[in-house]
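The chain contents come next:
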Amino acid sequence: MKSRLLFRYALSYILAFLIPLTALTVFVYDSAVKNLRSEIEQSKVNQLSQVKLTIDDRMSELHALASRISYDEHLTPYMLTNPLSAQEAIRTLANYKASNSIVEDLLLYMHGDEKIYSYRGLADLNVVFNREYRFENWSSEQVRSNLNEIDQPLVRAAEMVNMYSRQEPLLTYIVPIKTNDPYPYGSVVYLMKESKLTGVMDSILNDVNGSNYIFNENGEVLTTNSRGAEMPNGEWATLAQLEPGIHSMELAGEMQSVVSVKSDENNWTYVMTMPSHQFFGRVAHVQTLIMIVFALVVLTGSAAAMLLAKRQYHPVKDLMEFVGIQSGAAMKASNEWDSIRQTIRDYNARIDMQQPFVRNQCLLLLLKHGRPNDREMMKTIEEIGLAFAKGKGIYLTAILSWSDHSDHRLMSEEGYDIGEALGCLEVEEAGARVFGVEFSADDQLALVIAFDEQKIGETLPARIERTIEAVRHIAEKALSSSPHIGVGSAYEDLDSLNQSFVEAAAALEYRKMNGRELVTYFEQLSDTESTEEGSFWIPRKMILKLDQSLKQGSTLVAVRIISDIMDTLKKEPLSVHLLRCICFDVLNSLLRTASELGMKEVFADISVLASFETLEDLESRLVSLASEICQQVERSTEEKRDTLIDEIVKDVDDRFSDYTLSLEHLALKYSVSTSYLSRSFKEKTGLNFSQYIWRRRVDEVIRQLETTSAPLKEIIEQVGYLDAPNFIRRFKKEMGFTPGQYRKLKASKRA
């Protein structure tokens, strides 16, 4: 199964180490690359600076050589023009030329002269610059002008020169003499092969695969040296204007790293260009190494993250199996935790929905059968609130009746409000807890009242009265008339709570027959008891209690009352005839109740019931009859409930297309509480009310899709669903396709 949660676990672990690892890698990479880049940049600047210093030194040597020539007594104008000393001057020039390795030729010119001197001898100016050295871009007139007029050193850029039938690029360096004199009298001309300067550059920049340039103070290129692609001439002006330092720019369609330094001696600019990938080749190696290490760590960490994620996911998988979530259900949710969370919420919702029913059923068990023998059931009862932290409790039952109301619908609404208000109530001033219990009687609510025995300050009767008054006050707020309350006796344990319930019913019944009080206490019922022979009768409230135990179907209470009556009769010194009459009075109470319940078969055996010989014999027959009557009461209650729920389900089946149909309306219509109807409806159908309505509507939509050609929206509205888009979404989620797709699918199958 592909688990979203497992994927999230793995992703979270991967991110947990990947984020700091990435940050650390970026930091290390940035620091390493910056340092290495700085070192590389500085090394290139240092290399180019060394080129600059070397060439500056050579040019300074030439400048110094010109100065020495100007002060050399063998090279004065007089010595040059004197035939006797001319040869000595020529030899002196040869010595000067030989002392500098970069000079191809050294020429000495005196202003206004038509001759020019070299280490080879005296020659005509025009012959030298037209035949021996013929420049492409330096005419004879320009030569003469430059030699006679300049007062500052002049460098001409390298250009092709024809020398004795061969061509070679030369640089020309003209230094006026005397140097630094405002009125020079001549010029020293140095002719230098371009290869001499570029050779100096190559010897220092031997690892550079790019181009090197030297620009004069006016930005004119003096010499170039290229390895690889040469820069277009149009971009030279840009390079000449660069500030000293390292620059990154696009040249000839490629990103180039450009190093520029400037000479303080002659304001020449030295520029080196090379492709950025070569310039930072070592950086690229470091990048690759770091990326490889990073990738290996990520792969190792991902594998470890998957192992940790599987270990983390294992308890979740066990929990899913424990709560019974299927794989398909988990896949429908965003992840397993959502499925588990939703399942727990569903369980809680079911518990919340069933909790009132469970509480009501537990309390009904107490009212009808006393304390149950089941330990779990007893634990549930104690958790309801009937157990006290310290000491024992005192318990009694009351029955609240509002059956005198004339409007049945209004009476049902008010009864629902009373049930909600008295479902769980605490009367703090009396130290009492009140729990409302729905039972089979219409328009009545049983109340289980528990008192904390440790509460002091008032007597128990006063606390009971205060509690009943609080209950009556709350009930009057919900009713348009005052309710009637029957109150049973108080007992010190839960075993006798069923007796208190019967007593409360007897007190309420007594009020209907003999009293007008709103509250009737069973303990306060008047009894006429006489021990004189001929006038003894069983106490009226005991007979009432017996009648109510039978009507409530409480077998245990009925049997106990019959046993108490028989014990009382055994103790009384009565005549046989009076004793027999009193026994018939007890028998008549049971027969009257059986008649009211329609148990006609009982009267077929009336002769057997009446033909008793001893009180033990009568007690046995009365107990048997009481048990039959109580069982019949239970069956009648169940049948009545089942009949009511069947009627409600049939009503829902008939009206499911009514969009106003709701659980609350049905509860009011059939005079039951909403919680009771919800629980009973699900017990009957297996679905809660909203699920059942949805199922019926979907079934009807499917039927019409298969049998009619009516528009989909019309069909949806006909079944009582006004929000068609929402219905279509729910239909698709449940069925796997939309209603329209379902209709086409069925049509294609029929075809």
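The present account deals with the structure reproduced in this document.

Quick look at the overall build of the protein
Phase 1: Secondary structure assignment for the protein yields 26 helices and 18 strands.
Phase 2: Looking at the protein as a whole, 45% of its 751 residues qualify as buried.
Phase 3: A separation threshold of at least 6 residues defines the contact pool for the protein, and within that pool the share at least 24 residues apart is 61%.
Phase 4: Per element, the accessible surface of the protein, about 38900 Å² overall, is 52% carbon and sulfur.

Side note on a negative patch on the surface
Phase 1: A grouping of D57, E61, D264 and E265 is seen on the molecular surface, where their side chains present a negatively charged patch.
Phase 2: Looking at the element boundaries, D264 is found in the loop between β11 (254–262) and β12 (269–275).

Topic: unusual backbone geometry
Phase 1: Going from I177 to K178, the amide bond is cis rather than trans, its omega being 0 degrees.
Phase 2: Secondary-structure assignment places K178 in the loop between β6 (166–177) and β7 (186–193).
Phase 3: Notably, N267 is not glycine yet its phi reads approximately 65 degrees, a positive angle.
Phase 4: Inspection of the secondary structure assignment puts N267 in the loop between β11 and β12.
Phase 5: You can call N267 partly exposed: its relative accessible area is 42%.

Re the nonpolar core
The nonpolar side chains of a soluble globular protein tend to be buried, and buried together.
Phase 1: Grouped together as the largest cluster of nonpolar side chains are 41 residues, with contacts concentrated most on I55, L106, L108 and Y190.
Phase 2: Secondary structure elements with two or more residues in this core: α1 (4–71), α3 (83–98), β1 (103–110), β6, β7, α6 (194–204), β11 and β12.
Phase 3: The biggest single contributor to this core is α1, with nine residues.
Phase 4: For I55, the residues in contact, after removing those within four places along its chain, are L197, V200, M201, I214, W268 and Y270.
Phase 5: If you look at the next biggest cluster of nonpolar residues, it comprises 32 residues, including V557, I561, I582 and V586.

Some remarks on the packing of helix α17 (residues 555–571) against helix α20 (residues 615–655)
Phase 1: Following both chains from N to C, one finds α17 and α20 inclined at 160 degrees, their axes separated by 9 Å at the closest point. One element, α17, and the other, α20, form an angle in the roughly antiparallel class. Taken as a pair, α17 and α20 cross one another with a handedness that is right-handed. On α20, the residues that touch T555, A558, V559, I562, S563, M566, L569 and K570 of α17 are L615, E616, L618, E619, L622, V623, A626, S627 and C630.

Quick word on the pattern of salt bridges
Phase 1: According to the stated counting rule, one finds 22 salt bridges in the structure shown.
Phase 2: In this structure, K650 engages D654 in a salt bridge whose closest nitrogen and oxygen atoms are separated by 3.3 Å. Here K650 and its partner D654 are both found in helix α20, four residues apart, which amounts to about one turn of the helix.
Phase 3: Assessed through its relative accessible area of 53%, D654 is described here as exposed.
Phase 4: The closest approach of N and O atoms between E700 and R703, which form a salt bridge, is 2.7 Å. Remark: R703 and E700 occur in helix α23 (residues 689–707); sequence separation between them is three residues, near one turn of the helix.
Phase 5: Residue classification places E700 among the buried positions, given a relative accessible area of 18%.

Some details on the side chain of S140
Phase 1: Mapped onto the elements, S140 comes out in helix α5 (residues 140–149).
Phase 2: In this structure S140 comes out as buried when scored by relative accessible area, which is 18%.
Phase 3: Those residues in contact with S140 that lie beyond four places of it in its chain are N126 and N130.

Notes on the pairing of strand β2 (residues 115–118)
Phase 1: Sheet topology note: the β1/β2 ladder contains two bridges and is antiparallel. Within β2, the position partnered with L108 by the bridge is Y117.
Phase 2: Counted along the chain from β1 to the antiparallel partner β2, the turn is four residues long, and its residue G112 has a positive phi close to 80 degrees.
Phase 3: Summarising the sheet, β2 and strand β3 (residues 121–124) pair through four bridges and their orientation is antiparallel.

Let's talk about the sheet that holds strand β17 (residues 484–487)
Phase 1: Taken in spatial order, the six strands make up an open sheet running β14-β15-β16-β13-β17-β18, and their pairing is mixed. Among the strands making up the open sheet, the edge pair consists of β14 (424–427) and β18 (519–521). Adjacent strand axes in the sheet meet at a mean angle of 20 degrees when their direction is disregarded.
Phase 2: In terms of strand pairing, strand β13 (residues 393–401) meets β17 through four bridges, oriented antiparallel. Note on β17: the bridge partner recorded for I399 is G486.
Phase 3: Against the sheet, helix α14 (residues 460–478) touches β13, β14, β15 (432–437), β16 (444–452), β17 and β18, its axis set at about 140 degrees to β16.

About the thresholds
Residues numbered from 1 in each chain as written. Predicted model: local features only at pLDDT ≥ 70, side-chain atom pairs only at ≥ 80, totals over all residues. Heavy atoms only, no water. Helix = DSSP H or I, 4+ residues; strand = E, 2+ residues; numbered from the N terminus. Buried < 20%, exposed > 50% of the residue type's maximum accessible area, 1.4 Å probe, protein only. Contact = heavy atoms within 4.5 Å. Areas by Shrake-Rupley, 256 points an atom, 1.4 Å probe, with all protein chains shown as cover. Patch = residues over 30% accessible without salt bridge, like charges linked within 9 Å, V, L, I, M, F, W, Y side chains within 5 Å. Salt bridge = Lys/Arg side-chain N within 4 Å of Asp/Glu carboxyl O. Lys, Arg positive; Asp, Glu negative; His and termini not counted. Charge placed at Lys NZ, Arg CZ, Asp CG, Glu CD. Core = buried A, V, L, I, M, F, W, Y, C linked by side-chain atoms within 4.5 Å. Axes fitted to C-alpha atoms, helices over the stretch in contact; angles between N-to-C directions. Parallel < 35°, antiparallel > 145°, perpendicular 65-115°, else oblique. Left-handed = near helix turned anticlockwise from the far one by under 90°. Pairing = 2+ DSSP bridges.

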